[in-house]
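# Chain and residue survey
Now for the letters of each chain:
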Amino acid sequence: MVSCSDYSREIKGFNDFIESSELVDIPLVGRKFTWFKPNGLVKSRIDRVLISKEWLELWPNSQQFVFNRSISDHCAVILKEVSVDWGPKPFRFLNVWLKDSRFKEFVSSSWFAYKVTGGGIFVFKEKLKKLKADLKVWNREVFGDVNQASKEIQKRLDELDSRDDEDGLMESERDERKSLFAQLSESKSKQEAILFQKARQNWIKQGDHNTKFFLSTVKWRRARNQLHGFF
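Residues numbered from 1 in each chain as written. Predicted model: local features only at pLDDT ≥ 70, side-chain atom pairs only at ≥ 80, totals over all residues. Heavy atoms only, no water.

## What to know about the overall build of the protein
- Counting its regular elements, the protein contains seven helices and seven strands.
- What you see in the protein, going N to C, is helices and strands ordered as α-β-β-β-β-β-α-β-β-α-α-α-α-α.
- In the protein, which comprises 231 residues, the proportion classed as buried is 23%.
- Sequence separation of at least 24 residues holds for 57% of the intrachain contacts in the protein that already meet a minimum separation of 6. (Helix = DSSP H or I, 4+ residues; strand = E, 2+ residues; numbered from the N terminus. Buried < 20%, exposed > 50% of the residue type's maximum accessible area, 1.4 Å probe, protein only. Contact = heavy atoms within 4.5 Å.)

## Structural notes on the side chain of serine 62
- Residue position: serine 62 is located in strand S6 (residues 62-66).
- Polar side-chain contacts of serine 62 include one of 3.0 Å to the side chain of tryptophan 55.
- Beyond its immediate chain neighbours, meaning those up to four positions away, serine 62 contacts Ile26, Ile51, Trp55, Leu79, Lys80 and Glu81. (Polar contact = N/O pair within 3.5 Å; in protein donor to acceptor, adjacent residues only side chain to side chain.)

## Some details on the nonpolar core
- By size, the foremost hydrophobic cluster in this structure holds 11 residues: Leu94, Val96, Trp97, Phe103, Tyr114, Leu131, Leu135, Trp138, Phe143, Val146 and Ile194.
- The leading source of residues in this core is helix H4 (residues 120-143), at four residues.
- Setting aside residues up to four positions removed in sequence, leucine 131 forms contacts with Val107, Ser110, Trp111 and Tyr114. (Core = buried A, V, L, I, M, F, W, Y, C linked by side-chain atoms within 4.5 Å.)

## What to know about the side chain of aspartate 100
- Inspection of the secondary structure assignment puts aspartate 100 in the loop between strand S7 (77-81) and helix H3 (101-113).
- Here arginine 102 takes part through its side chain, which lies 2.7 Å from a polar atom of the side chain of aspartate 100.
- If we ignore the near neighbours within four places in the chain, the residues touching aspartate 100 are Trp138, Phe143 and Lys190.

## Some details on the sheet that holds S6
- The strand order across the open sheet built from three strands is S2-S6-S7, with neighbouring strands paired in mixed fashion. Each having just a single partner strand, strand S2 (28-29) and S7 make up the two edges of the open sheet.
- The sheet contact formed by S2 and S6 spans two bridges and is parallel. If you follow valine 29 over to S6, its bridge partner there is phenylalanine 65. (Pairing = 2+ DSSP bridges.)

None of this, on its own, says anything about what the molecule does.
Have a look at this one:
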């Protein structure tokens, strides 16, 4: 017969294994338990799906569903990627836009170019709608993808460094490399500013950067905190 202390030790050992393996035990949907003793007096969550943080990066809306059991004392568990429709995606203002010299000029010229007639509140609301749509385009086509920009700059720097190791660089290429370092520094600064805004401030400590582990932790917490339904 297994004592309570032995049982608690086994539970702790299993939980330690999950944590040390960096696996995620996402909540169940459908039922609370997956195994029932034939006499109906004992029930447990024996069957479960454990996923890695890399899995959550690819399929962030993964959920494990528990189906009704038939003659078996175990319930079937299936892992599914569920698309959640929260309605129209809210507009998010990026504070880092304010550091771009082109931003204020774009907003100002766009705002005064909109021709809307009606009452003051109506005009204000309609202009905001137009500005929101135009800012999305500006962010994509002018401000650009800072992650992709950093990769392209780093790739060019690697090429110049390799050429410098072999044959040396011309003066124009050395100037280019100097300029690329400045661009990379600015791009990295934008990346960190965007990540800082998206994550809760108390998660960020000095020295945390836009690493794969930090991003996967954000997604892991989001999956754990997601409300899947009521039982």
